[in-house]
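So the chains spell out like this:
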Amino acid sequence: MHNDDGARTSKARQLRSLLESSELEFICEAHNGISARIVEEAGFRGIWASGLAISAQFGVRDNNEASWTQVVDVLEFMADATGIPILLDGDTGYGNFNNMRRLVRKLEQRGIAGVCIEDKIFPKTNSFIGGERQPLAEVSEFCGKIAAGKDSQSDPDFRIVARVEALIAGWDIQEALRRGEAYRKAGADAILIHSKLSRPDQIVEFAREWANRAPLVIVPTKYYSTPVEVFRKSKISLVIWANHMIRSSVASMQQVAATIFTEQSLIEIEDRVAPVDELFRLQGADELEAAEERYFSGLRTETKAIVLAASQGEGFASLTDERPKVMLPIGGKPLLRHIVDKFKKRGIDDIVVVAGFKAESIDVNGIDVVVNADYATTGELASLACAREYFSDDMIVAYGDLLFRSYILRDLVENAAAITIVVDSKPLENPALAGDFAYCSEPDDRSMWGQAVALRRIAGVAHDGAERAHGRWIGMMRIKGEGREWVQAGLAELQHNQRFPELGLTDLLNWLVANNRPVHVWYVHGHWLDVNSINDIESAGTFAAGRV
Ligand code: SPV
Ligand code: MG
């Protein structure tokens, strides 16, 4: 997106240069932000904010049915979207000299470079609709309006173009010249001489008599077949291609709408319309991305999630014949959906699920799926290795059969350690239950927040000789910064282990500890469960519904 940044020539100065240059210059109609941008990209050095086109895009007539402030609002979008000057087709100035004064002030405030006003009576009618019946303004009244406009501008480069409608209204060249001269003397910076003939004769004759007294502007909509050399020879300053953006879009929209309606399909038109990426480009999506990087990156989470969901799951009888356990419905939605929703709620949208058994049945929106093809003969570590190319400097690795309260994830991501695991210190109701038992440097001191606790090892038993485990690892870990290299090194080494296919995440954690890579423990006290058998399904539903 462009904005006048003061470092470059002001838009008003640019328009002035176009009008005063010794070359024949061209500007093109636009009627909103995106058409203005398209006109600029085509190479034009100025924009005609056409009254006809702006009315038409609103779906109203070119009879001042849209209010002037509605027009000014459209202009603001056009000016924001472009770096070239906009000349407003200001109709009659939307009232008398007083309305003209306010219009000029507002246009300058919105970054518009100039305005063209025509010597008709408010509310006006488009020149091509019964033009010869249209009354013209009194010359003195119109001169007062021009002078009032010039006296109101604060930037000396702002341009006021006076449009002579005498030829449209059926008067002769002498009347047109008389008016043009009066307007010039009143302070107009340029004269627009309009004609609706299919030949340029009136324009050429006017220009000859005018003899360069002030820049001349023309609108060759009706005499469009005239080669521009004719205008050049007549010393015309500026040509306005006045309505071709709105007309081309209307023609295209009519064809596309009719095709979609009759075909009831998009197939025929997809290749004929602009790709959505082209809209994003024209809207300046790149600039926003760069700005986000500059101003917003600290607030956006870069955290990724890797969810291990390759196993069929034992203990579910025929429920998992056709789907892995992560697709079992819990409280009305698949188990995997619950964990994905928790991640998304925390702004973690980059979620990779490692699937295996019946991977094709994983039908959860908003995730990337990678497949561990050897799921039947390998374990969690092999699944994690399958997601290696998705590793990042900030990631959560979790089992897909986990249900947990949101705060556990929130607190976990606030940890700064390279590796953090979540350990539940709540004593087991049934101490004989299997699990990943964590033996740590300290027990959970619930009177302390953010205790520095290190993992010593994880084992499958709650008692190891005389030693009692400090809790159960819930199956969720956070890997940050150098932790990523540690995990990669662990995977690389363990992959040479003959037992690698059997290994799980706990083997990786033990490897890290054994290799002096500190694994930080974050204690929680309940508020999670994993789904390991049919018996767990009901309690999982209750848990997911938020009931105790
Ligand atoms: C416009 O584009 O709105 C104009 C030019 O005023 S014309 O339609 O030719 O009158
Ligand atoms: Mg107009």
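Each remark here, short or long, concerns the structure printed above.
Residues numbered from 1 in each chain as written. Chains lettered and ligands numbered in written order. Predicted model: local features only at pLDDT ≥ 70, side-chain atom pairs only at ≥ 80, totals over all residues. Heavy atoms only, no water.

**Remarks on the site of ligand 1**
What counts, and what does not: Being near a molecule or strand, for a residue, means having at least one of its heavy atoms within 4 Å of it. N or O atoms closer than or at 3.5 Å make up a polar contact, with two conditions inside protein: a donor-capable atom paired with an acceptor-capable one, and, for residues adjacent in sequence, both atoms drawn from side chains. To be clear on the numbers: accessible area is Shrake-Rupley with a 1.4 Å probe, and residue cover counts the displayed protein chains and nothing else. Think of a 1 Å grid over just the protein atoms. A cavity is a set of points where a 1.4 Å probe fits yet cannot get out, a pocket is an open set with protein on both sides within 12 Å along at least five of seven lines, and lining residues have an atom within 4 Å of a point. Should more than half of a molecule's atoms lie within 2 Å of a pocket's or cavity's grid points, that molecule is taken to sit in it. Each residue receives one of three labels: charged for Asp, Glu, Lys and Arg, nonpolar for Ala, Val, Leu, Ile, Met, Phe, Trp, Tyr, Cys and Pro, and polar for the others, Gly being one of them.
Contacts to ligand 1 come from Trp-48, Ser-50, Gly-51, Leu-52, Asp-89, Asn-126, Ser-127, Phe-128, Arg-163, His-194, Val-219 and Ala-242. Note that an oxygen atom of ligand 1 is positioned 3.1 Å from one of the side-chain N or O atoms of Trp-48. The fraction of the free accessible surface of ligand 1 (280 Å²) that becomes covered by protein chains is 100%. Given that more than half its atoms are within 2 Å of the pocket grid, ligand 1 belongs to the largest cavity. Of the residues contributing to the shell around ligand 1, the split by class is 5 nonpolar, 5 polar and 2 charged.

**Examining the pattern of salt bridges**
Our working definition: Any Lys or Arg side-chain nitrogen located within 4 Å of an Asp or Glu carboxyl oxygen qualifies as a salt bridge. We call a residue buried when its accessible area falls under 20% of the maximum for its residue type, exposed when it is over 50%, and partly exposed in between, using a 1.4 Å probe and counting protein chains only.
Taken as a whole and assessed by the stated rule, the structure comprises 39 salt bridges. With its nearest N and O atoms 3.2 Å apart, the salt bridge here joins Asp-349 to Lys-344. With relative accessibility at 32%, the residue Lys-344 sits in the partly exposed group. Salt-bridge contacts for Asp-464 lead to Arg-457; the nearest nitrogen and oxygen are separated by 2.7 Å. On the accessibility criterion, Asp-464 (33% relative accessible area) is partly exposed.

**Examining the layout of surface pockets**
This is how it is decided: Grid points are joined across faces, edges and corners, and a volume is the space filled by probe spheres set on the points. Only DSSP runs of H or I with at least four residues qualify as helices, and only runs of E with at least two residues qualify as strands; both kinds are numbered from the N terminus onward. Where each domain starts and ends follows an automatic or database-derived domain assignment.
Estimates place the volume of the second largest pocket at around 550 Å³. Forming the walls of the second largest pocket are 21 residues, and the residues nearest its centre are Ile-34, Ile-38, Ser-249, Ser-252 and Met-253. Going through the elements one at a time, α2 (33-42), α3 (51-58), α10 (244-263) and α12 (276-283) are the ones with two or more residues in the lining of the second largest pocket. With 8 residues, α10 is the largest single contributor of residues to the lining of the second largest pocket. Partitioned by chemical class, the residues of the lining of the second largest pocket number 12 nonpolar, 7 polar and 2 charged. For the lining of the second largest pocket, the domains that each give at least three residues are domain 1 (10-243) and domain 2 (273-300).

**Overview of the nonpolar core**
Quick note on the threshold: Joining through side-chain atoms within 4.5 Å is the link that ties buried Ala, Val, Leu, Ile, Met, Phe, Trp, Tyr and Cys residues into a set, and such a set is a nonpolar core. Only heavy atoms enter the contact rule, under which two residues are in contact if any of them lie within 4.5 Å.
Counting 58 residues, the largest nonpolar core has Leu-75, Leu-88, Val-115 and Tyr-183 as the members making the most contacts within it. Excluding residues that lie within four positions of it along the chain, Tyr-183 makes contacts with Asp-119, Val-139, Phe-142, Cys-143, Ile-146, Ala-162, Arg-163, Val-164, Ala-188 and Ile-191. Val-453, Met-477, Leu-491 and Leu-505 belong to the second-largest nonpolar core, a separate cluster that totals 40 residues.

**Re the packing of aromatic side chains**
The following threshold applies: When the centres of two rings from Phe, Tyr and Trp lie within 6.5 Å, Trp using its six-membered ring, the rings pair. Their planes under 30 degrees apart give stacked, over 60 give edge-to-face, and anything left gives tilted. By the criterion adopted, a ring carries a charge over it if an Arg CZ or a Lys NZ lies within 6 Å of its centre and within 35 degrees of its normal.
Counted by the stated rule, this structure contains 7 aromatic pairs. Judged by centre distance (6.0 Å) and plane angle (80°), the ring pair of Tyr-223 and Phe-231 falls under edge-to-face. Of the two residues, Tyr-223 and Phe-231, both sit in the buried class. In this arrangement the basic side chain of Lys-222 is found over the ring face of Phe-128, its NZ or CZ atom lying 4.8 Å from the centre. One Lys or Arg, Arg-405, reaches over the ring of Phe-543 and ends 3.8 Å from the middle of that ring.

**A closer look at the sheet that holds strand β7 (residues 216-218)**
The condition is simple: The pairing criterion is simple: DSSP has to find at least two bridges between the two strands. For helices, the fitted line uses only the C-alpha atoms of the stretch in contact; every axis is such a line through C-alpha atoms, and the angle between N-to-C directions lies from 0 to 180 degrees.
Judged by pairing direction, the barrel is parallel, and its 8 strands sit side by side in the order β1-β2-β3-β4-β5-β6-β7-β8 before closing back on the first. Ignoring which end each strand starts from, the neighbouring axes of this sheet average 25° apart. Summarising the sheet, strand β5 (residues 159-164) and strand β6 (residues 190-193) pair through 4 bridges and their orientation is parallel. Bridge pairing in β6 places Arg-163 opposite Leu-192.

**Here we look at helix α1 (residues 11-20)**
So the rule is basically this: Taken from the helix axis, the directions to the C-beta atoms give the arc we talk about.
Inspection of α1 places Lys-11, Ala-12, Gln-14, Leu-15, Leu-18 and Leu-19 among the buried residues, and these make up the whole buried set. One side of α1 carries all its buried residues, which in axial view fall inside an arc of 160°.

**Considering empty space enclosed by the protein**
Counted by the stated rule, this structure contains 2 cavities of 30 Å³ or more. Each pocket or cavity is described by its volume, and for the largest cavity that value is around 160 Å³. Residue lining of the largest cavity: 17 residues in total, with Leu-52, Asp-89, Asn-126, Arg-163 and Ala-242 positioned closest to the centre. The residue inventory of the lining of the largest cavity, partitioned by class, reads 5 nonpolar, 7 polar and 5 charged. Roughly 70 Å³ of internal volume is contained in the second largest cavity. In this structure, the second largest cavity is lined by Gly-51, Ile-54, Ser-55, Arg-61, Asn-64, Glu-65, Ala-66, Val-71, Asp-89, Asp-91 and Tyr-94. Considering every element that reaches the lining of the second largest cavity, the biggest residue donor is α3, with 3 residues. Here the lining of the second largest cavity is built from residues that sort into 4 nonpolar, 3 polar and 4 charged.

**Some remarks on the environment of Ile-121**
On the secondary structure map, Ile-121 appears in the loop between β4 (114-118) and α6 (139-152). Linking Ile-121 and Met-476, residues 355 residues apart in sequence, is a C-alpha distance of 75 Å. Once residues lying within four places of it in the same chain are set aside, the contact partners of Ile-121 are Thr-92, Pro-135, Leu-136 and Ala-137.

**Brief notes about a nonpolar patch on the surface**
Quick reminder of the rule: Patch definition: residues above 30% relative accessible area lacking any salt bridge, with like charges linked at up to 9 Å and the nonpolar side chains Val, Leu, Ile, Met, Phe, Trp and Tyr linked at up to 5 Å.
On the surface, a cluster of nonpolar side chains totalling about 410 Å² of accessible area is made up of Ile-34, Ile-38, Val-276, Leu-279 and Phe-280. At the level of secondary structure, the elements contributing two or more residues to the nonpolar patch comprise α2 and α12. Counting residues per element, the nonpolar patch draws most heavily on α12, at 3 residues. Note on placement: Phe-280 falls in helix α12. For Phe-280, a relative accessible area of 43% puts it in the partly exposed group.

**Considerations on the pairing of β6**
Successive side chains on a regular strand alternate, one facing one side of the sheet and the next facing the other. The condition is simple: Assignment of crossover handedness uses the view with strands pointing away from the viewer, where a clockwise path from the first strand over the helix to the second indicates a right-handed crossover.
The alternating pattern of β6 places Ala-190 and Leu-192 and Ile-191 and Ile-193 on opposite faces, both of which are buried. Chirality of the crossover, the property in question, places the unit of β5, helix α7 (residues 173-186) and β6 among those that are right-handed. Of the pairings in the sheet, the one linking β6 to β7 comprises 2 bridges and is parallel in character. Within the sheet, the bridge partner assigned to Ile-191 lies in β7 and is Leu-216. Handedness of the β6-helix α8 (residues 201-210)-β7 crossover: right-handed.

**Let's talk about the packing of α2 against helix α4 (residues 68-81)**
When two helices pack together, their arrangement is given by the angle between the helix axes and the distance between those axes. Heads up, the rule is: Note on convention: near helix rotated counterclockwise from far helix by under a right angle means a left-handed crossing. Clockwise means right-handed.
In the contact formed by α2 and α4, the axes pass within 8 Å of each other and the chain directions differ by 35°. In this structure, α2 crosses over α4, and the sense of that crossing is right-handed. Seen from α2, the contacting residues are Gly-33, Ala-36, Arg-37 and Glu-40; seen from α4, they are Phe-77, Met-78 and Ala-81. Residues of the contact of α2 with α4, tallied by class, amount to 4 nonpolar, 1 polar and 2 charged.

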